[in-house]
Amino acid sequence: MTTSTMIRARGLTKQFTVKRERVDAVTDLDLDVEGGELVAFLGPNGAGKSTSLRMLTTLLPPTSGTARVAGFDVLADPAEVRRRIGYIGQGNSAGHAQRVRDELVSQGAFYGMNRAHAAARADELLESLDLAPLAKRSVTALSGGQKRRLDIALGLIHSPEILFLDEPSTGLDPQSRANLWQHILDLRRTHGTTIFLTTHYLDEADQFAERIVVMDHGRVIADDTASALKSTLAGDVITLGFQSETDATAARTTLERVTGAAPSVVSPTRLAVTVPDGDRVLPLVVRALDALATAALRQPTLDDVFLSLTGRSLREDATTAPSEREAEKVSA
Ligand SMILES: Nc1ncnc2c1ncn2[C@@H]1O[C@H](COP(=O)(O)OP(=O)(O)OP(=O)(O)O)[C@@H](O)[C@H]1O
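Summarised in this report is the structure supplied together with it. Since we're looking at a predicted model, the values are computed, not measured. (Residues numbered from 1 in each chain as written. Predicted model: local features only at pLDDT ≥ 70, side-chain atom pairs only at ≥ 80, totals over all residues.)

1. What about the overall build of the chain?
This is how the line gets drawn: The helix count covers DSSP runs of H or I at least four residues long, the strand count covers runs of E at least two residues long, and both are numbered beginning at the N terminus. With C-beta atoms placed from the backbone, a residue is labelled by how many other C-beta atoms lie within 10 Å of its own: buried for 20 or more, exposed for 12 or fewer, partly exposed between the two. Throughout, a residue-residue contact means that the two C-beta atoms, derived from backbone geometry, are no farther apart than 7 Å.
What the chain contains, in helices and strands, is eleven helices and 15 strands. Taking the principal axes of the C-alpha coordinates as reference, the chain spans close to 75 × 45 × 40 Å. A burial count over the chain gives 39% of its 332 residues as buried. Residue pairs at least 24 apart in sequence account for 69% of intrachain contacts in the chain once pairs closer than 6 positions are excluded.

2. Digging into the sheet that holds strand S5 (residues 72-73)
Which entries qualify depends on this criterion: We treat two strands as partners when DSSP finds at least two bridges between them.
What the four strands build is an open sheet, ordered S2-S1-S4-S5; its pairing is antiparallel. Taken across any chain shown, the strands that pair with only one partner, and hence form the sheet edges, are strand S2 (21-34) and S5. Relative to S5, strand S4 (residues 64-69) runs antiparallel, the two being bridged by two bridges. Bridge pairing in S5 places Arg 68 opposite Asp 73.

3. Overview of the sheet that holds strand S3 (residues 38-42)
How we decide: Each axis is a line fitted through C-alpha atoms, and for a helix only the stretch in contact is used; angles between axes span 0 to 180 degrees, taken between their N-to-C directions.
Sheet architecture is open: six strands sit in the order S6-S7-S8-S3-S9-S10, paired in mixed fashion. Both outer strands of the open sheet, strand S6 (85-88) and strand S10 (219-224), are each paired with one neighbouring strand and no more. Put simply, the sheet's adjacent strands are angled 15° from each other on average, direction ignored. The sheet contacts of helix H1 (residues 49-56) involve S3, strand S7 (162-166), strand S8 (194-198) and strand S9 (211-216), and relative to S7 the element is tilted by about 150°.

4. Some points on unusual backbone geometry
Phi is positive for Ala 70, close to 50°, though the residue is something other than glycine. Classification of Ala 70 as partly exposed rests on a count of 19 C-beta atoms within 10 Å. Unlike most non-glycine residues, His 217 shows phi in positive territory, near 50°. Tracing the backbone through its elements, the reader meets His 217 in the loop between S9 and S10. A tally of 15 C-beta atoms within 10 Å means that His 217 is categorised as partly exposed.

5. Re the site of the ligand
Rules: In this analysis a residue is considered near a molecule or strand if the C-beta atom, reconstructed from its backbone, is found within 6 Å of that molecule or strand. In the scheme used here, Gly and all other residues not listed as nonpolar or charged are polar, with Ala, Val, Leu, Ile, Met, Phe, Trp, Tyr, Cys and Pro taken as nonpolar and Asp, Glu, Lys and Arg as charged.
Surveying the vicinity of the ligand reveals the residues Phe 16, Val 18, Val 23, Ala 25, Gly 43, Asn 45, Gly 46, Ala 47, Gly 48, Lys 49, Ser 50 and Thr 51. The set of elements that each furnish at least two residues to the shell around the ligand consists of strand S1 (5-18), S2 and H1. Of the residues belonging to the shell around the ligand, the class tally is five nonpolar, six polar and one charged.

6. Considering the nonpolar core
We count it as follows: The nonpolar core is taken to be a set of buried Ala, Val, Leu, Ile, Met, Phe, Trp, Tyr and Cys residues joined by way of C-beta atoms within 7 Å. Domain boundaries shown here were taken from an automatic or database domain assignment.
Membership of the largest hydrophobic core comes to 81 residues, with the highest contact counts inside it found for Ala 153, Phe 164 and Ile 212. Both domains that meet at this core, namely domain 1 (5-229) and domain 2 (233-329), each give it at least three residues. Leave out the neighbours within four places in its chain, and Ala 153 touches Leu 104, Leu 125, Leu 126, Leu 129 and Leu 131.

7. Description of the environment of Ala 251
Looking at the secondary structure, you find Ala 251 in helix H9 (residues 245-259). Between the C-alpha atom of Ala 251 and that of Ala 291, which follows or precedes it by 40 residues, the distance is 8.0 Å. Not counting residues up to four positions away in its chain, the partners in contact with Ala 251 are Phe 242, Leu 271, Leu 289 and Ala 291.

8. Topic: the packing of helix H3 (residues 100-110) against helix H4 (residues 115-128)
Worth spelling out the cut-off: Reported orientations rely on four angle classes, namely roughly parallel under 35 degrees, roughly antiparallel over 145, roughly perpendicular from 65 to 115, and oblique for the rest. Should the near helix be turned anticlockwise from the far one by less than a right angle, the crossing is termed left-handed; should it be turned clockwise, right-handed.
With their axes 8 Å apart at the nearest point, H3 and H4 run at an angle of 130° to one another. Accordingly, the angle class assigned to the pair H3 and H4 is oblique. Relative to H4, the crossing made by H3 is right-handed. Residues Arg 101, Leu 104, Val 105, Gly 108 and Ala 109 of H3 form the contact with H4, whose own contacting residues are Arg 115, His 117, Ala 118, Ala 119, Arg 121, Ala 122, Leu 125 and Leu 126. Grouping the constituent residues of the contact of H3 with H4 by class yields eight nonpolar, two polar and three charged.

9. Focus: the packing of H3 against helix H5 (residues 144-156)
Packing of H3 against H5 leaves a shortest axis separation of 9 Å and a crossing angle of 25°. Our classification of the angle between H3 and H5 gives roughly parallel. In the packing of H3 onto H5, the handedness of the crossing is right-handed. Residues Val 100, Glu 103, Leu 104 and Gln 107 of H3 lie in contact with H5, whose contacting residues are Leu 150, Ala 153 and Leu 154. Of the residues contributing to the contact of H3 with H5, the split by class is five nonpolar, one polar and one charged.

Written out as C-alpha cells, the structure is:
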C-alpha cells in the first residue's frame, strides 16, 4: 500500500442469512483507490454497493476478506478509520431540530474537537457549501437540497481524508443535483479530498466521476473511466421499438442477420444493437423489419455498457425510452 492509497480491499465478502437462506451481498471485492480520486460505484438495486460502503466505513464487519482505509485496517483499527473518513448514508444524518450551525458544532464535539475549533470549521463549511445565510435556521426548515448539503458539511467537519457518499443526489430536483455536484467537485479541487460515492444516475457518473466501478450481483464487473468503458462498445447503438413482445422476439433473428451483431433486450418491446457504422446499417434494418414502431441511432451510454456486460439494462425503468436523439418514427 503506497502512502497515498486511500482504499485497499482484498477479497472483501459479505453474506447475510435471511430466513435461513444465504444472501451473497458482496463477493470477493478487490479495490484500490488512490488519494484524490473521485470514484462512482454503479449498479442496479441490490447489487451490493451500500453493503460495500458499509464494510469500508467500519459499519458492517465483513464475512471474510480485508480492507484498509486511509491506512488502517477496518477490523483491527475501526476507530482510526472513522477518525479519517466521512460517511454520508442514504438517510438524512441531519434530522434534528437544532439550528444548522449548532448541528455542525455538535458534530465537531462528537469527533472530539474543542468548541472554538469546531465553530471555526463549521463557519468554513457553511461558507464553502453555500449554507452561511441559513446558519441560524432550524434543520427541519431546510429544503431537500439544502439538507443534503448540510449532510455533506456534517461528514466533513473533522476534515476527513476520504468522503463516502451513498446516493448523495437521490430525490433532488435537477437544479439541486447540479448544485450539489458543483460542491462535491469544489471540495475535491480545493482540499484534494478522495470521494467515493454510489449513484443511480448514469449521466452524472459519466459526466463527473473520473473512474466508474460497476457492480452486479455482489461482484465488480467493470472498473475504468467512463470513456474507456464506452469505447469498448466502439460504434453506434441502434435502438428499436416494437408494438408487442411477440414482434420484438420475432425480429431478433432478422436483426442479427442484417447487422451481424447479437441484439440485447432493453425491455420486452425494445431491442438494441451496437454496430460500427450506424448511418449505413439503420436503413437496412428499417427495410428488413416489418413490425418496427420506432428506430433511433445514438452514441453508447454507460447503460449500454452495462447492457452489453450483463444483457440487462441498468435503468430502473427499462421501459422508458431514452431521450437522446429519440425515435424517428418509421412505421406505425
Ligand atoms: N442487513 C441485511 N440483511 C439481509 N440482507 C441484506 C442486508 N443488507 C443488504 N442485504 C441484501 O444484500 C444485497 C445487497 O444489498 P445492498 O443494499 O448492498 O445493495 P445496493 O447495491 O446498495 O442497492 P440499492 O441501490 O438498492 O441501495 C441485497 O440482496 C440486499 O437485500
